[in-house]
Each structure stands twice: as structure tokens, then as C-alpha cells.
Amino acid sequence: MDKQTLKRDVVIIGSGPAGLTAAIYAARANLNPLLIDAPADAEKQTTPGGQLMITTEVENYPGFPQGIQGPALMEEFRKQAERFGTEFLETWITEVDLTERPFLLYTAGHTVSAQTLIIASGASAKWLGIPGEAKVPYGFGGNGVSACATCDGPLPAFRNKTLVVVGGGDTAMEEATFLTRYAKKVYVVHRRDKLRASKIMQEKAFRNEKIEFIWNTAVDEIFGTPEDGVTGVKLHNLQTNETTIFPCAGVFVAIGHKPNTELFKGQLEMDEVGYLKTSGHSTATNIPGVFACGDVQDSVYRQAVTAAGTGCMSALDAERFLDHLPVAMPDGDEITIEGEHITPDHKAIITADGHMFSNEPEVAVGEEQSQSRE
Ligand SMILES: Cc1cc2nc3c(=O)[nH]c(=O)nc-3n(C[C@H](O)[C@H](O)[C@H](O)COP(=O)(O)OP(=O)(O)OC[C@H]3O[C@@H](n4cnc5c(N)ncnc54)[C@H](O)[C@@H]3O)c2cc1C
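An account of the accompanying structure is given in this report. From a predicted model like this one, the values you see are computed outputs, not experimental measurements. (Residues numbered from 1 in each chain as written. Predicted model: local features only at pLDDT ≥ 70, side-chain atom pairs only at ≥ 80, totals over all residues. Heavy atoms only, no water.)

## Things to note about the sheet that holds strand β10 (residues 145-146)
As a general point, the strands of a sheet are linked pairwise by backbone hydrogen bonds and lie either parallel or antiparallel.
Inference 1: Read from one edge of the open sheet, 5 strands run β10-β17-β11-β12-β13, paired in parallel fashion. Single-partner strands in this sheet number two, and they are β10 and β13 (211-214).
Inference 2: In terms of strand pairing, strand β11 (residues 162-166) meets strand β12 (residues 185-189) through 5 bridges, oriented parallel. Each bridged residue has a counterpart across the sheet, and for T162 the counterpart in β12 is K185.
Inference 3: Most of the contacts of helix α4 (residues 170-179) go to β11, to which it runs at about 170°, and overall it touches β11, β12, β13 and β17 (250-253). (Pairing = 2+ DSSP bridges. Helix = DSSP H or I, 4+ residues; strand = E, 2+ residues; numbered from the N terminus. Contact = heavy atoms within 4.5 Å. Axes fitted to C-alpha atoms, helices over the stretch in contact; angles between N-to-C directions.)

Here you go:
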């Protein structure tokens, strides 16, 4: 069967907070965005709407003083993007070609040609893959099991309770330290006898009286009930092979995140973990016309509101680019759709074929004098 070809000015990958916010802004700017998102797939752990679809209460998204369920919040985002005419396509993008514009994206049934591309494909928390960890109703994910202390730590279910953090890197130390603000006690369970975390993070955790370490140990299973959530874990000492049941009210899995950037390897600049590199002053990647927003380019904040904020930036950057206005690139250059560079002092424009001309406004004779008197 022949593939259908779609040609669009703005194509967005991902329907989490970043992608849907980009869609709201691009659609309101009459850019008719096409948003492509992966279908629900239990094995690959994808759900249209992104990571918030696997959580329950979101208490820190501004505008919802009583909190809101993650899936309900994403439903509101989606309705707002639909209201302004965003077109949705639910399929996996399997390959991209960013060597020239228009960029080409391939799905099972389509070839999509895009003048600008906004990547909002997010990141996925790494999980242990043990019984009891999966999302409700298959396990206690969202009911006592979490991968985000900033998001879930302050919830009533975890306050003044004994909690377990799994991991030994910086993320685990950060999560454990953060959780001590609310928890009675935090136990860090780590497979080895020393941490991978940086020295400063280790020392901070060692000094904290609410944190204790359980070394050379793995979590084999998470127990609980639908009513009470998590009630305990099965610990497995890797040196003695002994197993014990350890009572706790919550498990925070902190073994890292994986940005969803496989598709862009070899084409876009990434850090050593795979997060896309963007400019400090815009969401531009190293390829003019390709922008990245949300968790796919943010290994630090990883919140719905920051994802939405950078989603807005990406749409405005794409709009500026399509309007032939300069956009700040990661190397400090500013570049337009025609490949013109603006010098860092903004005084000159260098065209794609190397010609340089002034970027200063032309001042009419006589105007200069009157301006300087003002
Ligand atoms: C359990 C949990 C609870 C959380 N709770 C909170 C909270 O209370 N408050 C808060 O602010 N933040 C919370 N977060 C963090 C928040 O969910 C993320 O920061 C936010 O979702 C990031 O948004 P995003 O749009 O960048 O990406 P995501 O939400 O990750 O969405 C990315 C989308 O892109 C799709 N995609 C990826 N690759 C492809 C492809 N090749 N083709 C097509 N589609 C693709 C994915 O399927 C996904 O739908 C939580 C996270 C988790 C895991």
C-alpha cells in the first residue's frame, strides 16, 4: 500500500505537556500544527498524553488549587489544543531525515514533510521491572510507587511515613534528601556497598539523620493493597542471599531517566545521556528549524510546568523562524530561515553565500540630530 504524504509547516512529536502547549500556541498562530504521538502500548509504556497519564494526583500544576488527576489535566491540555485546530495523528515515528528542509518523518502509513519540527518526545523513568511496580491496576504505580519525589513526595500518603528509595546515583540522593522534608524515615536501598553519586550529594545524604542506607541489597517485589497502597517490599541481600520483608508506605525508584531520542541519534547534538542540546536563549537544536522542548531536553527540572513553558517557547521559535526572523542557536549565532547569520553584536548580517551587510536601521538625514536631542 502506498504511503500517504502530508506536508505541514509545523510538526510536533509528543502529546505531553510540552507538545500540547506547543500545539496550543502554534494553532492559535494559524500555523495548523500536526501533532504526532505514539499510541497506547503497555509493553513500551507509552500513553498519549505522556508521563502524567501514569500518575494520580498532581498538586503543583498552577491553576488547580485543589490538585487534579494527571490524566484529567492532560485531557484539558488536549481539548485546548483541539479547540484551536491542532491536527492529531496517533502513530509511531520510526525514522527521521533532518539533513535538509523540509524535514522528512516516516511512520508505518505516512511520509510527513515538515518545514519546522518541534520535538517533545519526553523521557521515560527507568523502572526495576519487579512485581508490584506496574501502574494501577496491575501494581502500585501511582498508589505508593513513584519515580518522582518532587512530584509525589508531598502527597498525604507519604507524609510521616517510612519510605524506600531505590538507587545509588545523584538522582537517588536528591530524591532521598527531598523526601526527608515529609517522611518519618527514608531508607536508600542500593545494590552495591558504595554509591555512584557525586561526593557532595553523598555527604549531604550521609549527614541527614532521617536517611539510612541498606547496602548490597535489591528490591525483589513490592506489596500492598488497593485501599492502603504500598505496605512493604521484599529485600534481597545480594551477598548472603537472605530475603526479608521490609514494611514501608512508599517506594521511589530513582535509577535514572532515559530521554526518548533514539530517532535523532547521529543527526542532533545530545549530551552523554542522550538529552537533546538546545540554546540557552531559545529551544533551537543544532539544526535550524528543529526545536526541542520539555523533558527530552531537560535533565534538571523535569516538571509539567517547565515542559509546558518550553513548549510555548518552541512554538514561538518555530513561528519566528517561519516569519524569517532570527532564532538563537546553541553556539550563540542567530540564524534565519534563509540561513542568514546575525553577528553577536547584532550589527551585521552574513548571508548563506558569505556576503555581509549592515543590520543597523537606516537613519534619514536630519532624523539623527533630532533623535539625539530627545
Ligand atoms: C509518576 C510520575 C509522576 C509525575 N508527577 C508530576 C507532578 O505531580 N507534577 C509535575 O509537574 N510533574 C510530574 N511528573 C513529571 C512530568 O510528568 C513530566 O515532566 C512531563 O510529563 C514532561 O512532559 P513532556 O511533554 O516533555 O514529555 P512526556 O510527558 O514524556 O510526553 C512525551 C510523549 O512523546 C511520545 N513519544 C515519544 N517518542 C515518540 C515517537 N518516536 N513517536 C511518537 N511519539 C513519541 C510519548 O509516547 C509521550 O506521549 C511526573 C512524572 C512521573 C513519571
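After presenting the structure, the write-up continues.
## Describing the packing of aromatic side chains
Inference 1: Overall, the coordinates contain 8 aromatic pairs when judged by the stated rule.
Inference 2: Within the aromatic cluster, the residues linked to one another by ring pairs are Y61, F64 and F77.
Inference 3: Just above the ring of F84 sits the side chain of R28; from NZ or CZ to the centre is 5.4 Å.
Inference 4: Lying across the ring of F88, R78 places its NZ or CZ 3.9 Å from the centre. (Phe/Tyr/Trp six-rings, centres within 6.5 Å; stacked < 30°, edge-to-face > 60°. Lys NZ or Arg CZ within 6 Å of the ring centre and 35° of its normal.)

## As for the site of the ligand
Inference 1: Around the ligand sit 32 residues, and of these A18, Q51, N60, D295 and A304 come closest.
Inference 2: With respect to the ligand, the backbone of G50 contributes an N or O atom lying 3.4 Å from an oxygen atom.
Inference 3: One of the backbone nitrogen or oxygen atoms of R302 is found 3.2 Å away from an oxygen atom of the ligand.
Inference 4: Here the ligand, which alone exposes 1000 Å², has 95% of that area covered by the protein.
Inference 5: Listing elements by their share of the shell around the ligand, those giving two or more residues are α1 (17-28), α3 (149-152) and α6 (304-322). (Near = heavy atom within 4 Å. Polar contact = N/O pair within 3.5 Å; in protein donor to acceptor, adjacent residues only side chain to side chain. Areas by Shrake-Rupley, 256 points an atom, 1.4 Å probe, with all protein chains shown as cover.)

## Examining the pairing of strand β14 (residues 217-225)
Inference 1: Pairing between β14 and strand β15 (residues 229-237): 8 bridges, direction antiparallel. Paired with I222 across the strands is V233, a residue of β15.
Inference 2: Here β14 folds back onto β15 in antiparallel fashion, the turn holding 3 residues.

## Observations concerning the nonpolar core
Looking at soluble globular proteins, one finds that nonpolar side chains tend to be buried together.
Inference 1: Of all hydrophobic cores here, the largest spans 35 residues; its most connected members are V10, I12, Y61, L73, F77, I118 and F291.
Inference 2: Looking at this core, the elements with two or more residues in it are β1 (4-13), α1, α2 (70-83) and α6.
Inference 3: Among the elements that line this core, the one with the most residues is α6, at 7 residues.
Inference 4: Residues within four places of F291 in sequence aside, it is in contact with T116, L117, I118, I119, T283, A284, T285, S314, D317, A318, F321 and V327.
Inference 5: Ranked by size, the runner-up nonpolar core spans 23 residues in total, among them I36, F103, M270 and I287. (Core = buried A, V, L, I, M, F, W, Y, C linked by side-chain atoms within 4.5 Å. Buried < 20%, exposed > 50% of the residue type's maximum accessible area, 1.4 Å probe, protein only.)

## Observations regarding the sheet that holds strand β22 (residues 341-342)
Inference 1: Taken in spatial order, the 5 strands make up an open sheet running β20-β21-β22-β23-β24, and their pairing is antiparallel. The sheet terminates laterally at β20 (327-328) and β24 (356-358), the two strands that pair on one side only.
Inference 2: Bridge count for strand β21 (residues 334-335) against β22 is 2 bridges, and the pairing is antiparallel. Paired with E334 across the two strands is I342, which belongs to β22.

## Focus: the state of the cysteines
Inference 1: On inspection of all chains with the given rule, the structure shows 1 disulfide.
Inference 2: Note on cysteine connectivity: C148 is disulfide-linked to C151, with sulfurs 2.0 Å apart. Because the sign of the S-S torsion sets the handedness, a value of about 65° for the bond joining C148 and C151 places this disulfide among the right-handed ones.
Inference 3: Here C151 falls in the partly exposed class, since its relative accessible area comes to 24%.
Inference 4: With no disulfide of its own, C248 lies closest to C148 among cysteine sulfurs, the gap being 18 Å.
Inference 5: C312 takes part in no disulfide bond, and the closest cysteine sulfur to it belongs to C293, at a distance of 9.8 Å.
Inference 6: A relative accessible area of 16% places C312 in the buried class. (Disulfide = S-S within 2.5 Å.)

## Focus on the environment of I211
Inference 1: By the secondary structure assignment, I211 is in strand β13.
Inference 2: Sequence-distant contacts of I211, that is, excluding residues within four places in its chain, are made with A176, T177, T180, V186, V188 and A205.

## Comments concerning the pairing of β15
Inference 1: Relative to strand β16 (residues 243-247), β15 is paired through 5 bridges, and the arrangement is antiparallel. Counted as the bridge partner of V233 is F246 from β16.
Inference 2: Adjacent in sequence and paired antiparallel, β15 and β16 are bridged by 5 residues, among which N241 carries a positive phi angle near 70°.

## Describing the side chain of Q297
Inference 1: Residue position: Q297 is located in the loop between β19 (290-292) and α6.
Inference 2: A polar side-chain atom of Q297 sits 3.1 Å from a polar atom in the side chain of T278.
Inference 3: Within polar-contact distance, the side chain of Q297 engages the backbone oxygen of G294 at 2.9 Å.

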